[in-house]
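If you want the building blocks of each chain, they are given just below.
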Amino acid sequence: MVRSMSLGCLTASAFCLVLAATSLAQEGTEARAPDVVYVGSPHDVVAKMLEVAQVKKDDLLYDPGCGDGRICVAAATKYGCKAVGFDLNPVRIRESLENVKRHGVEQLVRIERKDIFTVDFGEATVVTLYLLPWMNKRLIPQLQKMKPGTRIVAHDYSIEGYPPDKSITMTSKQDAVEHYIYLWTLPLKPGPEVDDADELMDFDDDP
């Protein structure tokens, strides 16, 4: 029993060191400033997002703009799935790593300091979004490359030109504010106002 616990502790510690080393290395390569000021989704909204997306143990969840890692941690804690969070802010990266360690989900959650507009979402089966509308729009080319059946769930801001398959409204007990949750299942289906040129648009000139 003592031997087993010691090995487990060593494994967890090694994993944390790898995460920390990875994030520090990435800090040197992702130098641009974050696009937005971080505002975390209320925890009951996070829980509803994961419920709406029907997250399961065999899912791989990606959370671009992960902030303090609360969505990744909640998914790993409740559903036992693997999750990867991406953020540019080194402060948020540190908070995420601390959050992951505090909840004991080091074996399931990975945090990377990376520009979300350079991330390949191809391996994800669930993507969670709490980003500004222009950011969701800029991610469309990356999202469209994901496997059919992948779920995208967004908090408060939809994806312009792509009507959600499902939308719900809830009032958070945490902040007493009305929140909106949107769900899409890949492939994204454009609305009538989106043409082929829009889908192929290059968003490099966005803010």
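**What to know about the nonpolar core**
A general trend in soluble globular proteins is that nonpolar side chains are found buried together.
Next, step 1: Ranked by internal contacts, the top residues of the largest apolar core, which has 27 residues, are L50, V55, L61, V109, I111 and I181.
Next, step 2: At the level of elements, helix 2 (43-52), helix 3 (70-79), helix 4 (90-102), strand 3 (109-113) and strand 7 (178-185) are the ones that each hand at least two residues to this core.
Next, step 3: Judged by nonpolar contacts, the second largest core, of 25 residues, contains F86, L143, M146 and I152.

**Here's the deal with the packing of helix 2 against helix 3**
Next, step 1: The interhelical angle for the contact between helix 2 and helix 3, taken along N-to-C directions, is 60°, at an axis separation of 10 Å. The angle between helix 2 and helix 3 places the two elements in the oblique class. At the point where helix 2 passes helix 3, the crossing takes the right-handed sense. On the side of helix 2, the interface is formed by H43, V46, M49, L50 and E51, while helix 3 contributes R70, I71, A74, A75 and Y79.
Next, step 2: The residue makeup of the contact of helix 2 with helix 3, split by class, is seven nonpolar, one polar and two charged.

**As for helix 4**
Next, step 1: In this model helix 4 runs 18 Å from its N-terminal to its C-terminal C-alpha over 13 residues, within 8% of the 18 Å that 1.5 Å per residue would give.
Next, step 2: Among all positions in helix 4, only R92, I93, S96, L97, N99 and V100 are buried. Buried residues along helix 4 cover an arc of 160° about the axis, so they all sit on one side. Looking at helix 4, the residues exposed on the side facing more than 90 degrees away from the buried face are K101 and R102.
Next, step 3: Two or three places before V91, at the start of helix 4, stands the capping residue N89, its side-chain oxygen 2.9 Å from that residue's backbone nitrogen.

**Remarks on the environment of M170**
Next, step 1: Checked against the element boundaries, M170 lands in strand 6 (residues 166-171).
Next, step 2: In this structure M170 touches D44, V45, K48, V177, E178, H179 and I181, once residues within four positions along its chain are discounted.

**Section: the environment of S167**
Next, step 1: Examined against the element boundaries, S167 turns out to sit in strand 6.
Next, step 2: Classification of S167 by relative accessible area gives partly exposed; the value is 47%.
Next, step 3: Residues within four places of S167 in sequence aside, it is in contact with I181 and Y182.

**Some thoughts on the confidence of the model for the protein**
Next, step 1: Mean pLDDT over the protein stands at 84; residues scoring 70 or higher make up 76%.
Next, step 2: Here residues 1-30 is a poorly scored stretch, pLDDT under 50, and it has 24 contacts once near neighbours within four places are set aside; other chains count.
Next, step 3: Confidence over residues 202-207 falls short of pLDDT 50; this stretch has eight contacts with residues more than four positions distant or in other chains.

So, how was this worked out
- Residues numbered from 1 in each chain as written.
- Predicted model: local features only at pLDDT ≥ 70, side-chain atom pairs only at ≥ 80, totals over all residues.
- Heavy atoms only, no water.
- Core = buried A, V, L, I, M, F, W, Y, C linked by side-chain atoms within 4.5 Å.
- Buried < 20%, exposed > 50% of the residue type's maximum accessible area, 1.4 Å probe, protein only.
- Helix = DSSP H or I, 4+ residues; strand = E, 2+ residues; numbered from the N terminus.
- Axes fitted to C-alpha atoms, helices over the stretch in contact; angles between N-to-C directions.
- Parallel < 35°, antiparallel > 145°, perpendicular 65-115°, else oblique.
- Left-handed = near helix turned anticlockwise from the far one by under 90°.
- Contact = heavy atoms within 4.5 Å.
- Nonpolar A, V, L, I, M, F, W, Y, C, P; charged D, E, K, R; others polar.
- Expected span 1.5 Å × (residues − 1).
- Arc of directions from axis to C-beta.
- Polar contact = N/O pair within 3.5 Å; in protein donor to acceptor, adjacent residues only side chain to side chain.
- pLDDT = per-residue confidence, 0-100.

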